[in-house]
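Chain residues, written in single-letter form:
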Amino acid sequence: MPSTATTTTSSSITSYSFYCFYTLKKALFSETLPRDELSYDKIKEKLFPTQDKDIPSSQKISLFVTWQKKRHSLLSGNVKSISNQNEEEKDDDDDDDDDESSYSLRGCIGTFGKIPLAQGIKQYALHSAFHDTRFNPIGKSDLPLLKVKCSILHTFETFYTHNPQLAKANAKKNLNDWIVGVHGIELVFKYHHSTYSATFLPEVMVEQEWDYEDTFENLIYKALEPKGTLNGSQAKYDVVAEISLNPQKYIVKVTRYQSSIYDCTYKQFLEKYKQL
């Protein structure tokens, strides 16, 4: 296993993670909540006036929004009915549990394109909650069990490519020129005259305990699977192996990047929300 380091994660709730929950709450309870919606800037001014490392709402950034759902509360039957606004204000009775193993992925979508911070958080908080095709849309009953991660991406470096115009000046043709736990990876490759791409955020490799080889095999599979390129386990093995063993033939570029993660649970969100 390669050496690991920890990606930057905030230790307390921020305007970024709060606004993800605020946007989702407004969407789920549009029929009962007041129609007036506070802007990101108004929320930040009221609740987070001294926030460190502040990013202006209009600054264009790359980001991903990840929703996770607590496992053990669901299994123990502690899901509360939140069919109206009063009930919705209740939070889960369980103590906050920051152990990643107690949560499962519920949706993750973002963009490498540059988008204004406030617009991006709002857009991808909803997109990842309702339009990640791997999952059913998030519903009202999920809300008390959720945790959100807003990942703001930075320090993009193309470190493997056969196109010198895309690579940094000192690029090495080494697929392992990245650090588990520090870098996320975007892979772009061609197969049968089509171009495919996939990415994993920095924390994914740590959570899955993947090494370099595991990461690239799973990136290839992730890119090909939605388009139906892989049919059957043997086909999966053959195609992934073919691309992995012949990177110079298939891989267009590999880009590493870093991420600052801002997360919070629903309980943490509610504590702040009641101050609005």
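Residues numbered from 1 in each chain as written. Predicted model: local features only at pLDDT ≥ 70, side-chain atom pairs only at ≥ 80, totals over all residues. Heavy atoms only, no water.

### Some words on the pairing of strand S5 (residues 184-191)
Cut-off, in case you're wondering: To sort residues, take the accessible area from a 1.4 Å probe on protein chains only and compare it with the maximum for the residue type: under 20% means buried, over 50% means exposed, and anything in between is partly exposed. Helix numbers and strand numbers start at the N terminus; a helix is a DSSP run of H or I with at least 4 residues, a strand a run of E with at least 2. Should DSSP find at least two bridges between two strands, the strands are taken to pair.
For S5, the tally of buried residues reaches seven of eight residues, placing the bulk of the element in the interior. Pairing analysis gives six bridges linking S5 to strand S7 (residues 251-265), with the strands arranged antiparallel. Its bridge partner being in S7, Phe189 is matched across the sheet by Ile251. Inspection of the sheet shows S5 paired to strand S6 (residues 194-200) by seven bridges, in the antiparallel sense. Residue pairing across strands places Lys190 opposite Thr195, the latter belonging to S6. Linking two consecutive strands that pair antiparallel, namely S5 and S6, is a turn of two residues; a positive phi of about 50° is found at His192 within it.

### A word on the side chain of Thr111
As a reminder, the rule being used: Polar contact criterion, stated in full: a pair of N or O atoms within 3.5 Å, where within protein one must be able to donate a hydrogen and the other to accept it, and residues adjacent in sequence count only if both atoms are side-chain atoms. What makes two residues a contact is simply this: any of their non-hydrogen atoms within 4.5 Å.
Within the secondary structure, Thr111 is located in strand S3 (residues 103-116). A relative accessible area of 15% places Thr111 in the buried class. Side-chain polar atoms of Thr111 contact the backbone nitrogen of Gly113, separated by 2.9 Å. When near neighbours in sequence (up to four residues on either side) are disregarded, Thr111 contacts Ser62, Leu63, Phe64 and Tyr124.

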